[in-house]
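# Per-entry structural report
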Amino acid sequence: MGFLDKLRHREKPRRVVLIGLDGTPYTFMQRLIAEGRAPNAARLVQQGSLLRMDSVWPWVSSVAWSTMMTGVNPARHGIFGFIDRDPASGKQFIPTARNMKAPTLWEVLSAAGKRVIVVNVPVTYPPRPVNGILVGCFLSPSLEKAVYPESFLPTLKSLGYIVDADPWKARQSKDLALQEVNAVLEARIRTLFHLFDNEEWDYLHLHIMETDRLHHFLWQQMEEGHPTYAPAFYDFYRRIDDMLGQLAAKLDDRTTLMWMADHGFCTVKKEVYVNRWLMDNGWLRLRTIPPDRQKGLDEVDPASVAYSLDPGRVFLRVRGREKDGCVAPGAEYEALRAEIAAAALELRDPDDGAPVFQAAFRREELYHGPYLEQAADLILAPYDGYDPKGPLYKETLTFKGDELVGMHTYDDAMLYIGGQTIPQTRFSVLNVMPTILSLMGVPPPPGLDGTSLV
Amino acid sequence: MEQKGVTVWFTGLSGSGKTALALRLEEELRRRGLKVERLDGDIVRQGLTRDLGFSREDRDKNIERVTFVAKLLTRNGVAVLCSFISPYRAVRARSRQEIGHFVEVYCYAPLETLIERDVKGLYKKAIAGEIPNFTGISDPYEPPENPEVTIDSSRETIEESLGKVLRKLEELGYVPPATREETPYTADEEAQVEARLAALGYL
């Protein structure tokens, strides 16, 4: 870089605005563009790179976004799912930002003197201090507790900001689901443009959770071309496309527009109850049949050797690690793990004989780092369409419902970077943080697992 | 962290919300354990500057004395909240220069709103010609060109306005950002978030 260039860069610190589209598949975005349903995205893709990206195993938003925001794998950031357990007590808990062990992108940027605004990214509750504003995610129990600093709360309230769509309402009917996600989306967009125009920022990140919610409740209807719900689905995306166009029109030459999705989506063929499968094979016994919703692992009989948490995480009841653990570490542990892994790969859909799991990863195959011990012993990776679930007790192995009709996929996440020509290679959410740091000219902290794409 | 002194200077027409906002800010800063003093037009004119009237010259003297006091307090680490109509740009600029650590808050509301509000009944009297040199009616007001914060009390709640001032003070390093230190969830809240996760199929 020449002297004048350096001077120019110093005068104009580079900014990034990133829109998180939770669970919007790369292939779906390409189809919207091809079918003329996303004219703004189509134009922007001509001026940048739209790339297919891998998620993380398991591909739930909490793990994927934690990986995105820290640039390190789960055994180094400590978030393995939406629910976790304390092995010693068997108590379950909801991992929050307090459990996240690695510094986040916005904390690194803050330390470099950049002003950041981060809204609604999963696992940012409770808000950790930044140089700027942080509004916690849907794990926030209330707006009051979600906001850092507190002084931003009145503005957020005046914008009619909503923490999250009500998922129970959304389960009641598809119409209510649409109503919920559309209302929350509008509030988020309103907040985005308010922040864009009225606040100082170098990094502005708005996370849209409603894409994921819409997909969970209506993906199948969209795929099947339902006469009412498919058009409503596309209308929702039209609104997102409008927002991207409006945002792009506001950008100056020092600001890079990005958008990304943390995983893909597909229609649920069947939910698969992993604990039922463990029971059917004699690895799990329950003391009593627990009530509908799982509350801790109290019902697990001490003679059990394994149990599972959502999605497809299998824990062995290791002696010295788990409460009343009975599996001896070492050879016994390895033999049992191999046995369960092999059986998982043999598991077939009882109706059509299709295989359910494409892989059964031992944790050390996926993760490395100081918190590996907290990880499940096996992570079962399903074929698209088989959605592994975590309830402790279910009557049947599989179930096809009509409320939650969409599920996540691994290899169809998405990353868009404006103004950059980047060849498509195989990469994952691990690469996002170092890429953003590089775009903003901030050196990455040592030891990230991912590297910059630019 | 040792408190860094600052003067927050609320300027604007009578009834635009200067005192109300300064009072709310005082309360909030005290809650955060900061040292605060409030200098208010209506109060200092009963003591410190009771000998002065409302001619241009007297108005200047009024602000000059207040500025002197604010400067002493500011350099001793106090947050000084000054609410004065202080209609002249040049005079406010002098105060800014004199005090150094100075945050100007322009309290705005459309004149029609102020006349309608007329909390102290002053506009009515001024329009009737009973009060000479009344800013906004019979005397000019020069709005700030680059205030650190502008609030519009006809469009925002006092809490929103307070948020804007606090955020600027936090941004400039005069006030440490407040954050909640309680546990992430009470039992009720945890049950509520669990229910949300259950509705989404994660439990």
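Along its length, chain B carries eight helices and five strands. Reading chain B from its N end, one meets helices and strands in the order β-α-β-α-α-β-α-β-α-α-β-α-α. A principal-axis box enclosing the C-alpha atoms of chain B has dimensions of 70 × 40 × 30 Å. Scored against the burial criterion, the 203 residues of chain B give a buried share of 51%. The contacts of chain B with a sequence gap of at least 6 include a subset with a gap of at least 24, amounting to 74%. Summed over its atoms, the accessible surface of chain B is roughly 9,800 Å², and 51% of this surface lies on carbon and sulfur atoms. Side chains of chain B carry 30 positive and 34 negative charges; the gap between the two charge centres is 5 Å.

Residues and elements named next belong to chain B. Judged by pairing direction, the sheet is parallel, and its five strands sit side by side in the order β2-β3-β1-β4-β5 without closing on themselves. Where the open sheet ends on each side, the last strands, each with one partner, are β2 (36-40) and β5 (149-152). Averaged over neighbouring strand pairs, the angle between their axes works out to 20° when direction is ignored. Relative to strand β3 (residues 79-83), β2 is paired through five bridges, and the arrangement is parallel. Residue Glu 37 lies in a different strand from β3, and its bridge partner there is Val 80. In the packing of helix α3 (residues 56-75) onto the sheet, contacts are made with β1 (6-11), β2 and β3, and the angle to β1 comes to roughly 150°. Contacts between helix α7 (residues 158-171) and the sheet are confined to β1, β4 (102-108) and β5, with β5 contributing the most and set at about 175° to the helix.

Residues and elements named next belong to chain A. Ordered by their spatial adjacency, eight strands build an open sheet running β2-β19-β9-β1-β8-β5-β6-β7, and the pairing between neighbours is mixed. The sheet is open, and its two borders are formed by β2 (48-53) and β7 (147-148), each paired with just one other strand. In the sheet, strand β5 (residues 116-119) pairs with strand β8 (residues 203-208) via four bridges, with the strands oriented parallel. Following the sheet pairing, Ile 117 is matched in β8 by Leu 204. Across the face of the sheet, helix α4 (residues 61-70) comes into contact with β1 (15-21), β8 and β9 (255-261) while running at roughly 175° to β8.

Another point: the interface of chain A and chain B. Listed as interface residues are 43 residues of chain A and, on the opposing side, 32 residues of chain B. Approximately 3,500 Å² of surface area, both sides summed, lies buried where chain A meets chain B, with 56% of it carried by carbon and sulfur atoms. Together, Ile94(A), Lys145(A) and Glu150(A) form the three largest contributors to the area buried by chain A at its contact with chain B, with a combined 18%. Between the two partners, chain A and chain B, sit four salt bridges. Ionic pairing is found between Glu171(B) and Arg115(A), a salt bridge with its closest N-O pair at 3.9 Å. Run the count over chain A and chain B and you get 15 residue pairs in polar contact (both at pLDDT 80 or more). For the side of chain A that touches chain B, the secondary structure elements donating two or more residues are α7 (143-146), α8 (153-158), α9 (167-172) and α11 (210-223) of chain A. Among the residues making up the side of chain A that touches chain B, the classes are represented as 22 nonpolar, seven polar and 14 charged.

Now for the pattern of salt bridges. All names here are of chain A. This structure, assessed with the given rule, holds 55 salt bridges over all chains. With its nearest N and O atoms 2.6 Å apart, the salt bridge here joins Arg 171 to Glu 403. One end of the pair, Arg 171, is in helix α9; the other, Glu 403, is in the loop between β17 (398-399) and β18 (406-409), with 232 residues separating them in the sequence. Here Arg 363 makes a salt bridge to Glu 373, at a shortest N to O gap of 2.7 Å. Within this pair, whereas Arg 363 is found in helix α15 (residues 363-366), its partner Glu 373 is found in the loop between α15 and β15 (378-382), the two being separated by 10 residues in sequence. Under the relative-accessibility criterion, Arg 363 is labelled buried at 6%. Here the salt bridges do not stand alone but share partners, grouping Arg 85, Arg 321, Glu 322, Arg 363, Glu 373 and Asp 377 into one network.

A few words now on the packing of aromatic side chains. Residue and element names in this part refer to chain A. In the structure shown here, the tally under the stated rule is 24 aromatic pairs over all chains. For the ring pair Phe 82 and Phe 138, a centre distance of 5.5 Å and an interplane angle of 70° mean the geometry is edge-to-face. One end of the pair, Phe 82, is in the loop between α5 (74-77) and β3 (84-86); the other, Phe 138, is in the loop between β6 (132-135) and α7, with 56 residues separating them in the sequence. Both residues of the pair, Phe 82 and Phe 138, belong to the buried class. A centroid spacing of 5.9 Å and a plane angle of 35° characterise the contact between Trp 219 and Phe 265, whose relative ring orientation is tilted.

If you look at the biggest cluster of nonpolar residues, it comprises 170 residues, and the most contacted ones within it are Met68(A), Tyr203(A) and Trp259(A). Broken down by element, this core gets its largest block of residues, 12 residues, from helix α12 (residues 229-250) of chain A. When neighbours within four sequence positions are excluded, Trp259(A) is seen to be in contact with Ile19(A), Leu21(A), Met29(A), Ala41(A), Leu44(A), Val45(A), Leu50(A), Leu244(A), Met414(A), Leu415(A) and Tyr416(A). Leu29(B), Val36(B), Val165(B) and Val175(B) belong to the second-largest nonpolar core, a separate cluster that totals 22 residues.

A surface patch of nonpolar side chains, about 220 Å² in accessible area, is lined by Ile115(B), Ile127(B) and Ile137(B). Counting through the fold element by element, Ile127(B) comes out in helix α6 (residues 122-127).

Now for the environment of Leu214(A). Residues and elements named next belong to chain A. Within the secondary structure, Leu 214 sits in helix α11. For the pair Leu 214 and Glu 180, spaced 34 residues apart in the sequence, the C-alpha separation amounts to 9.3 Å. Aside from chain neighbours lying at most four places away, what touches Leu 214 is Leu 178, Val 181, Trp 219, Phe 233, Phe 236 and Tyr 237.

Let us now look at the confidence of the model for chain B. Regions with low pLDDT carry predicted coordinates that are not meant to be interpreted in detail. On average, chain B scores 93 in pLDDT, and the residues at 70 or more come to 98%. Scored by ipTM, the complex comes to 0.88, with pTM at 0.88.

What follows concerns the pairing of β1(B). All names here are of chain B. Among the six residues that make up β1, six are buried, leaving the element largely enclosed by the rest of the structure. Here β1 pairs with β3 via five bridges, running parallel. Across the sheet, Thr 7 pairs through a bridge with Val 80, a residue of β3. Relative to β4, β1 runs parallel, the two being bridged by five bridges. The partner of Val 8 across the bridge, within β4, is Val 103.

Moving on to the state of the cysteines. All names here are of chain B. Within the structure shown, the criterion is met by zero disulfides over all chains. As a non-bridged cysteine, Cys 107 has Cys 82 as the owner of its nearest cysteine sulfur, 12 Å distant. Taking the relative accessible area as the measure of exposure, Cys 107 reaches 1% and is therefore buried.

Calculation notes
Residues numbered from 1 in each chain as written. Chains lettered and ligands numbered in written order. Predicted model: local features only at pLDDT ≥ 70, side-chain atom pairs only at ≥ 80, totals over all residues. Heavy atoms only, no water. Helix = DSSP H or I, 4+ residues; strand = E, 2+ residues; numbered from the N terminus. Buried < 20%, exposed > 50% of the residue type's maximum accessible area, 1.4 Å probe, protein only. Contact = heavy atoms within 4.5 Å. Areas by Shrake-Rupley, 256 points an atom, 1.4 Å probe, with all protein chains shown as cover. Lys, Arg positive; Asp, Glu negative; His and termini not counted. Charge placed at Lys NZ, Arg CZ, Asp CG, Glu CD. Pairing = 2+ DSSP bridges. Axes fitted to C-alpha atoms, helices over the stretch in contact; angles between N-to-C directions. Buried area = accessible area lost by both parts, 1.4 Å probe. Salt bridge = Lys/Arg side-chain N within 4 Å of Asp/Glu carboxyl O. Polar contact = N/O pair within 3.5 Å; in protein donor to acceptor, adjacent residues only side chain to side chain. Nonpolar A, V, L, I, M, F, W, Y, C, P; charged D, E, K, R; others polar. Phe/Tyr/Trp six-rings, centres within 6.5 Å; stacked < 30°, edge-to-face > 60°. Core = buried A, V, L, I, M, F, W, Y, C linked by side-chain atoms within 4.5 Å. Patch = residues over 30% accessible without salt bridge, like charges linked within 9 Å, V, L, I, M, F, W, Y side chains within 5 Å. pLDDT = per-residue confidence, 0-100. Disulfide = S-S within 2.5 Å.

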